[in-house]
Amino acid sequence: MSDRIRDSFTQFYAAIEKSYEALKGDRVKIEDRKTGMLELLKSGVTVPTPPSGTGEYQELCRTVMDNARLQLESWQTLIQRKIDKSEFVNRHEKSILALVFADVNAGKSSLGNFVGGWNFRDTAYADLYQPHDCEVEEFSKASREDRQLRVIDHFPENATEATSTIQHYTLAQGLTWVDTPGLHSLTVEHGELAQEYIQFADLVIYLTPSSSPFKKDEREMLEKLFKMGKPVILAITKSDFTPPPAYRDGKMVRLPLAPKSAENRRAQEKYIAEQIREIRGNDNLENSHVLSLSVKLARNAVKTGDSDLYAASNLDGFLAQVGDILSEKAVELKMRRPRAEVNAFIDTLTGRSDAGWQDMLTIPQLRADLAEKSENLQKVLETCKAEEAKICAEVELQLPTVLSLAFRSLRDRKSLDNAETVKAEMSERISKLVAECCRKGLEQLGGMVFTLELPPIRVASADGRGYQVQHMEQIIAQNVERDPRGVEHIIRFFDRDRKFYRVETRRERIPTGDNFQAFLDKQLEDVRAEVRDHVAKTMERIAGECIGPLLECYQELDRQLAALTEKLDQLRF
């Protein structure tokens, strides 16, 4: 006669072994993709060093580049965290990770111990028990990365969750059964930790207690699991009851634990099935029939060898459901989670998905910010071009005064007729005037401050020729002492102080004025075109050497981010 309990576990172990063989021969190195992503984020982008100098736009560029470095570091930290947290998964890469998820006291640990064969000890089925270590990973409150591992032989049942723990064992090398803290465990950290580990699950076994099945928050969590693409097996636990004592032969007798009525079980299973149909993505539910389970009944059945009681526990049906999935879908399940995880990270980072992150930018968001900054700089360049006319007007307004002072100084130094001296003086004065007007105009325009050395103008069309001084001639008579002649010698003999003079005349040119104003006007007219051209070239150089490097800085980073996006897309599955 067939033994239902033995057959159930024999077939279950066979399914696990089949799953192990499939995974061993056809596993994919998902972590290589994660490492590749990390290397790309570390070496794929070199944030340009912004140009030095002071000014609003220079400071803004430095801020943008600093923020870009922080974003890169945030992306690197995120993927490194995923790699670090995947160490648990890597240790079990040849087995299906089945994560049991439920509220506190839903019977997770009891089910895990039964599936692991712990209850076969000291029974007729002791040979079915395959001893295995149960590893408990504890997380300190101070740091979730501070993990301490200890080994036990089975999961504690009905224990108060005093610490945040993840418990797991690997059965027959092909199934890693993971017991998590409950959704509403005693500390907030426990629930968060349970949800965190869901991302590693290849299969989620979702339990809801028969005493209050499928509460609102459980439904919401299941909807999240479906949205994450997680394959789910759903079961109703603790589907049993203790009948009230009966009187037999005048004595009160305690009746054994019994399964809930078939009618009660059907009603709960129907209710849950109806609720599931209303959840989007419910095609991820792997079992078409949600079973009502009783681990207590199954334990009693193992102790007594009662196949009918074991059938009433529905554990054979549950193991068959899990076994079928392991036999037929092991590779698909194993690849579904890590592929989705890799793709989800890449899709979010590259903007293929609109999920985004709350605390960091994605590549498209960073590129959009760079595009906005580049566009603003382009507008500044356009504004600089438009400002050129105003600066030209300001230069031309001050030019007469500047040159007038220069020419007067040259005139006083008697150098106004020296063409080279005039050119040099004009070039120096005009260069200073243009530089001053440009600096003032750009500082007023947008707070741009620059310290670059501007090229001086070397005027060619004006050289100082044409300056004339007007003169008048006059005859000047002057008595000039002369030697005595003739009788004058006798007079001189008697009067030694007597002097004799002659009248001499000369013609002398006296300056009466000059053409200074006309000369100045002519010089201004001759040099005006050159000054306009010099203003244009000066503005172009200022824009090119001040704005150009900033613009190139933004554009270079954008080019690298575009290349990074393309390379990340190549890592997608």
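Please read these numbers as outputs of a predicted model, since none were measured by experiment.

Draft legend 1. Local environment of the overall build of the protein. Each helix and strand in the protein was counted, giving 15 helices and 14 strands. In the protein, of all internal contacts separated by at least 6 residues, the share reaching a separation of at least 24 is 77%. Of the roughly 29600 Å² that the protein leaves accessible, carbon and sulfur atoms contribute 49%.

Draft legend 2. Seen up close, the packing of aromatic side chains. In total, this model carries 14 aromatic pairs according to the counting rule given. Look at Phe407 and Phe519: their rings are 5.1 Å apart centre to centre, the planes differ by 55 degrees, and that puts the pair in the tilted class. Taken together, the residues span a long stretch of sequence, with Phe407 in helix 12 (residues 363-412) and Phe519 in helix 15 (residues 516-570) at a distance of 112 residues. We classify Phe407 as buried; its relative accessible area is 0%. Among the aromatic residues, those joined into a cluster by ring pairs are Phe9, Phe12, Tyr13, Phe114, Phe120, Tyr125 and Tyr310. For Arg33, the ring lying beneath its charged end belongs to Phe573, and the centroid distance is 4.0 Å. One cation-aromatic arrangement involves Arg411 over Phe516; the distance from NZ or CZ to the ring centre is 4.6 Å.

Draft legend 3. Summary view of the nonpolar core. Trp75 and Phe407 are the most contacted members of the largest nonpolar core, which has 68 residues in total. Of all the secondary structure elements, the ones that give two or more residues to this core are helix 2 (30-43), helix 3 (56-85), helix 11 (315-350), helix 12, helix 13 (419-446) and helix 15. Here the element with the most residues in this core is helix 15; it accounts for 19 residues. When residues no more than four places from it in sequence are discounted, the contact partners of Trp75 are Leu41, Phe345, Leu349, Trp357, Met360, Leu361, Thr362, Ile363, Leu366, Leu561 and Leu564. By size, the runner-up hydrophobic cluster in this structure holds 50 residues, among which are Tyr13, Leu111, Phe114 and Ile325.

Draft legend 4. Structural view of unusual backbone geometry. Despite not being glycine, Ala172 shows a phi value in the positive range, around 55 degrees. Within the fold, Ala172 resides in the loop between strand 4 (164-171) and strand 5 (175-179). Residue classification places Ala172 among the buried residues on the basis of a relative accessible area of 18%. One non-glycine residue, Gln173, lies in positive phi territory at about 65 degrees. If you trace the backbone, Gln173 turns up in the loop between strand 4 and strand 5.

Draft legend 5. Here's a closer look at helix 9 (residues 295-304). When we look at burial in helix 9, the residues that qualify are Val295, Leu297, Ala298, Arg299, Ala301 and Val302. Looking one or two residues past helix 9, Gly305 carries a phi angle of roughly 70 degrees, positive in sign.

Draft legend 6. Molecular detail of the environment of Lys270. The residue Lys270 is located in helix 8 (residues 262-277) in this model. Residue classification places Lys270 among the exposed residues on the basis of a relative accessible area of 54%. On a C-alpha basis, the gap between Lys270 and Val290 in space is 8.6 Å, while along the polypeptide they are 20 residues apart.

Draft legend 7. Focus on the packing of helix 12 against helix 15. At their nearest, the axes of helix 12 and helix 15 sit 7 Å apart, and the two run at 165 degrees to each other. Compared by their axis directions, helix 12 and helix 15 come out roughly antiparallel. Where helix 12 crosses over helix 15, the two elements pack in a sense that is right-handed. Counted by class, the contact of helix 12 with helix 15 contains 33 nonpolar, six polar and 10 charged residues.

Draft legend 8. Molecular detail of the confidence of the model for the protein. Looking at the protein as a whole, its pLDDT mean stands at 84, while 89% of the residues score no less than 70. Of all secondary-structure elements in the protein, the lowest mean pLDDT belongs to helix 6 (residues 188-198), at 59, while strand 12 (residues 291-292) reaches the highest, 96.

Draft legend 9. Quick peek at the pairing of strand 7 (residues 232-237). Most of strand 7 sits inside the fold, with six of its six residues counted as buried. Neither face of strand 7 is open: one carries Val232, Leu234 and Ile236, the other Ile233, Ala235 and Thr237, and all of them are buried. Each parallel crossover has a hand, and for strand 6 (residues 203-209) linked through helix 7 (residues 216-227) to strand 7 it is right-handed. Examined bridge by bridge, strand 7 and strand 12 share two bridges and lie parallel to one another. Within strand 12, the position partnered with Ala235 by the bridge is Leu291.

Draft legend 10. Inspection of the pattern of salt bridges at higher detail. Per the counting criterion, the structure on display carries 32 salt bridges. The shortest N-O distance in the salt bridge between Asp369 and Lys373 comes to 2.7 Å. Of this pair, Asp369 and Lys373 both sit in helix 12, four residues apart, roughly one helical turn. Accessibility expressed as a relative area gives 24% for Asp369, which makes it partly exposed.

Draft legend 11. Quick peek at the state of the cysteines. Counted according to the given criterion, the structure contains zero disulfides. Here Cys61 is not disulfide-linked; the sulfur of Cys553 is the nearest cysteine sulfur, at 3.9 Å. Look at Cys61 and you get buried, because its relative accessible area is 0%. Relative accessible area serves as the criterion here: at 5%, Cys553 is assigned to the buried category.

Draft legend 12. Representation of the side chain of Ser431 within the structure. Mapping Ser431 onto the fold places it in helix 13. Owing to a relative accessible area of 13%, Ser431 belongs among the buried residues under this scheme. Reaching out from Ser431, the side chain makes a polar contact with the backbone oxygen of Ser427 at a distance of 2.7 Å.

Draft legend 13. Inspection of a nonpolar patch on the surface at higher detail. Together, Val487, Ile490, Ile491, Phe493 and Phe494 give the surface a local cluster of nonpolar side chains, amounting to about 550 Å² of exposed area. Secondary-structure assignment places Phe493 in helix 14 (residues 488-494).

What counts and how
Residues numbered from 1 in each chain as written. Predicted model: local features only at pLDDT ≥ 70, side-chain atom pairs only at ≥ 80, totals over all residues. Heavy atoms only, no water. Helix = DSSP H or I, 4+ residues; strand = E, 2+ residues; numbered from the N terminus. Contact = heavy atoms within 4.5 Å. Areas by Shrake-Rupley, 256 points an atom, 1.4 Å probe, with all protein chains shown as cover. Phe/Tyr/Trp six-rings, centres within 6.5 Å; stacked < 30°, edge-to-face > 60°. Buried < 20%, exposed > 50% of the residue type's maximum accessible area, 1.4 Å probe, protein only. Lys NZ or Arg CZ within 6 Å of the ring centre and 35° of its normal. Core = buried A, V, L, I, M, F, W, Y, C linked by side-chain atoms within 4.5 Å. Axes fitted to C-alpha atoms, helices over the stretch in contact; angles between N-to-C directions. Parallel < 35°, antiparallel > 145°, perpendicular 65-115°, else oblique. Left-handed = near helix turned anticlockwise from the far one by under 90°. Nonpolar A, V, L, I, M, F, W, Y, C, P; charged D, E, K, R; others polar. pLDDT = per-residue confidence, 0-100. Right-handed = clockwise from strand over helix to strand, strands pointing away. Pairing = 2+ DSSP bridges. Salt bridge = Lys/Arg side-chain N within 4 Å of Asp/Glu carboxyl O. Disulfide = S-S within 2.5 Å. Polar contact = N/O pair within 3.5 Å; in protein donor to acceptor, adjacent residues only side chain to side chain. Patch = residues over 30% accessible without salt bridge, like charges linked within 9 Å, V, L, I, M, F, W, Y side chains within 5 Å.

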